[in-house]
Amino acid sequence: MHIGDTLRFSGHALRSGRTRTWLMLLAMAIGVGSVVVLTALGEGARRYVTDQFAAIGSHLLIVLPGRVETTGTAPPLVGGTPRDLTLADAQALRRSSHIRLLAPLVVGSAPVSHRQLERETLILGSTAELEPVRNLHLARGRFLPAGDPERGAAVTVIGARLKKALFGNRRALGRWLRIGDRRFRVIGVLQPMGESLGANISEVAIIPVASAQSLFNTHGLFRILVQARDSDSIPQARRDIVDIIRQRHDGEEDITVITQDALLDTFDRIFRALTYTVSGIAAISLSVAGILIMNVMLVSVSRRTAEIGLLKALGSPQREILGLFLAEAGILSAGGAVLGGLVGLAGVGLLDWLFPDFPLAVPAWSLTGAVILALAMGILFGLIPARRAARLDPVQALR
Amino acid sequence: MIRLEEIERSFRVGDEWVHALRHIDLAVDEGEYLAIMGPSGSGKSTLLHILGLLDRPDSGRYWLGGIDTLSLSEEQRADARRRLIGFVFQTFHLIPRLSAYENVELPMLLAGVRPAERRERVQRILRDLGLSDRARHRPDQLSGGQRQRVAIARATVMAPRLLLADEPTGNLDKAAGDEVMHTLERLNRGGLTLLVVTHDPDIGDRARRRIRMRDGAIVADDGSGSGPCTSATP
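Residues numbered from 1 in each chain as written. Chains lettered and ligands numbered in written order. Predicted model: local features only at pLDDT ≥ 70, side-chain atom pairs only at ≥ 80, totals over all residues. Heavy atoms only, no water.

Q: Go over the overall build of chain B, please, and point to the residues and values.
A: Helix and strand content of chain B: 8 helices and 10 strands. Whereas a compact globule of 234 residues would reach a radius of gyration of roughly 17 Å, chain B reaches 18 Å, a difference of no more than 12%. Judged by the C-alpha coordinates and their principal axes, chain B covers about 45 × 45 × 40 Å. Counting over 234 residues, chain B shows a buried share of 55%. Long-range pairs, those at least 24 residues apart, make up 70% of the contacts in chain B between residues at least 6 apart in sequence. Of the roughly 10300 Å² of accessible surface on chain B, a fraction of 47% belongs to carbon and sulfur atoms. Here chain B holds 34 positive side-chain charges and 34 negative ones, and the gap between their average locations is 6 Å. (Helix = DSSP H or I, 4+ residues; strand = E, 2+ residues; numbered from the N terminus. Rg over C-alpha atoms; globule rule 2.2 N^0.38 Å. Buried < 20%, exposed > 50% of the residue type's maximum accessible area, 1.4 Å probe, protein only. Contact = heavy atoms within 4.5 Å. Areas by Shrake-Rupley, 256 points an atom, 1.4 Å probe, with all protein chains shown as cover. Lys, Arg positive; Asp, Glu negative; His and termini not counted. Charge placed at Lys NZ, Arg CZ, Asp CG, Glu CD.)

Q: Before we move on, can you summarise the packing of helix H9 (residues 305–313) of chain A against helix H10 (residues 318–354) of chain A with the specific residues and values?
A: All names here are of chain A. H10 packs onto H9 with a crossing angle of 140° between their chain directions and a minimal axis gap of 10 Å. Between H9 and H10, the angle is such that the two are oblique. Where H9 crosses over H10, the handedness of that crossing is right-handed. Here Ile308, Leu311 and Lys312 of H9 lie close against H10, whose contacting residues are Gln318, Ile321, Leu324 and Phe325. Considering only residue class, the contact of H9 with H10 consists of 5 nonpolar, 1 polar and 1 charged. (Axes fitted to C-alpha atoms, helices over the stretch in contact; angles between N-to-C directions. Parallel < 35°, antiparallel > 145°, perpendicular 65-115°, else oblique. Left-handed = near helix turned anticlockwise from the far one by under 90°. Nonpolar A, V, L, I, M, F, W, Y, C, P; charged D, E, K, R; others polar.)

Q: Explain the domain arrangement of chain A to me, and be specific about the residues and the numbers.
A: If you check the domain split of chain A, you get domain 1 (3–53 + 265–398) and domain 2 (100–225). Look at where the C-alpha atoms of domain 1 of chain A and domain 2 of chain A centre, and you get two points 57 Å apart. (Domains from an automatic or database assignment.)

Q: Talk me through the packing of helix H1 (residues 3–16) of chain A against H10(A); I want residue IDs and the actual numbers.
A: Residues and elements named next belong to chain A. Packing of H1 against H10 brings their axes to within 9 Å, and their N-to-C directions diverge by 65°. Relative to H10, H1 is oriented roughly perpendicular. H10 is crossed by H1, and the crossing has right-handed handedness. In this structure, H1 uses Thr6, Leu7, Phe9, Ser10, Gly11, Ala13 and Leu14 to contact H10, whose residues at the interface are Gly323, Leu324, Ala327, Glu328, Ile331 and Leu332. Residues of the contact of H1 with H10, tallied by class, amount to 8 nonpolar, 4 polar and 1 charged.

Q: Report on the pairing of strand S10 (residues 204–208) of chain A, specifying residues and quantitative values.
A: Along a regular strand, successive side chains alternate from one face of the sheet to the other. Residue and element names in this part refer to chain A. Counting buried residues in S10 gives 5 out of 5 residues, a clear majority hidden from the surface. Both strand S3 (residues 117–126) and S10 contribute to a ladder of 5 bridges, which runs parallel. Paired with Ser126 across the two strands is Pro208, which belongs to S10. (Pairing = 2+ DSSP bridges.)

Q: Kindly report on the interface of chain A and chain B, identifying the contributing residues and their values.
A: With 25 residues of chain A at the contact, the number on the chain B side is 22 residues. Across the chain A to chain B interface the summed buried area is about 2300 Å²; carbon plus sulfur atoms make up 62%. If you look at where chain A meets chain B, you find 4 salt bridges. Ionic pairing is found between B:Arg118 and A:Asp5, a salt bridge with its closest N-O pair at 2.9 Å. Summed over the shared surface of chain A and chain B, the result is 10 residue pairs in polar contact (both at pLDDT 80 or more). Contributing elements (two or more residues each) for the side of chain A that touches chain B: H1, H9, H10 and helix H12 (394–398) of chain A. When residues in the side of chain A that touches chain B are grouped by element, the largest group, 6 residues, is from H9(A). Considered class by class, the residues forming the side of chain A that touches chain B number 12 nonpolar, 6 polar and 7 charged. (Buried area = accessible area lost by both parts, 1.4 Å probe. Salt bridge = Lys/Arg side-chain N within 4 Å of Asp/Glu carboxyl O. Polar contact = N/O pair within 3.5 Å; in protein donor to acceptor, adjacent residues only side chain to side chain.)

Okay, structure coming up:
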């Protein structure tokens, strides 16, 4: 029997049992569709997080005071609080040739007011280099002036939403703000941008680092953001930072250096694992569809006993009857897979339309994997009914 | 054409063994028209199944067209059914979802005959049996006689040498039954060996040779001893 004739004959048999055929197609389609949608969600979450990390800058290293990494040794009995990171520490890091830019950071919260309007606001104290390091873009005016970071001018750059809250649609450049008990002149307004690692950059006020130190009456830095020359120099930059700070801190390594790449890698791995898990769960629904195909086909074999007997009387050997029933299972799972793929892509399209900011994407492996798995399930579970049909005794079957 | 020697067949029904066929010796020549008669349970259907290679005897020998059939594998027996044997059943066994045309085409579809040749042969045989205007009808749109003639067309479209008919008129009224028998007899006159299993004496009387069975044994054969086949038996 030719393959085309086999498929036509099996397709004809499927069309005659319309309800059960649609049910089986539906089961397969739901399985394949859910694999596609769930992997797209997982992949979207992964991209969302990595995009967020990429948005804070490139080749970044973050230097924190204190040692938070576990070393495996017992905690020291004496020593207690680590030494502060100071502006001088930050300036010393410039000795490393692997470091391109760095921005010390002091963070605090203070009320910001203009006339009667007041807002509790996140204050970032930093230098001119924060702009390139953190990938900030200005809508108006200019960023903090370069110069000696030890000297704090009374100027501020404010986020787009903070500007809106305090000034509405009026011009903010050149106006004076009150931050805490000091007055600052607005010299720049940031472009509106989204959420970035929890801190909404649209709602901050950025002031010179020395001003922030005196405003919050602190000597230490919250952290130092360092941009390496390129991605290859990140490990060397990290070694340099540790060496320089250790020299300055009497041989003690009391800082933590986090590289953006390592962080990105970790999140990437976590979300990949999550995506695989979720798609694995969805794949279980494919095996459920396979079992449904098996059941419905077993019923179909017993209802078509006489037909199978006739095929045998007409000279079909066992393998031909096996082939006919496997072709039915194959057509069902292939049809279900195609249908499910379309349903899945439509679902992803709908979600994409509903949540345009979320970077949904269907990875190629999930679509091909789901389709191959659906085919495998259909044929695997179709094998049992097909073998039963092939092994029917023709005399009994024709009775 | 057919030679059976010492065929035995028994079935287990519950705790008992039923001896369906005992010591069957039979020779049938090419082109013969034979009726196998007997009451139900006499073993005539079992004999037909063995002749049609759908069942195997427990012992004995069976040559069909010079082939020792008991040495054939499952696949080879299926192939022999396809090439040599046509079946006509009491209940027609047409596939309900297929049209008359497609039912007749089915054996050639299974055998992998080319579509152009399939079309030509189906159209010719439907024309021969006066069914051309029924080609697109499904079985439930045909009368009983028409259904059986479609089944005969299907049984003969592969040009077999042996046609086995199991109570071919059992589900038909007298007129339709006569028409079906005429069709079968016409094919027999064309050289096809025809074996009809029936318990209807009117049908049996039409055959040139009659075999009577009882309790799994042949009790009468009004044609045995004549014809070239018997003399050729070693």
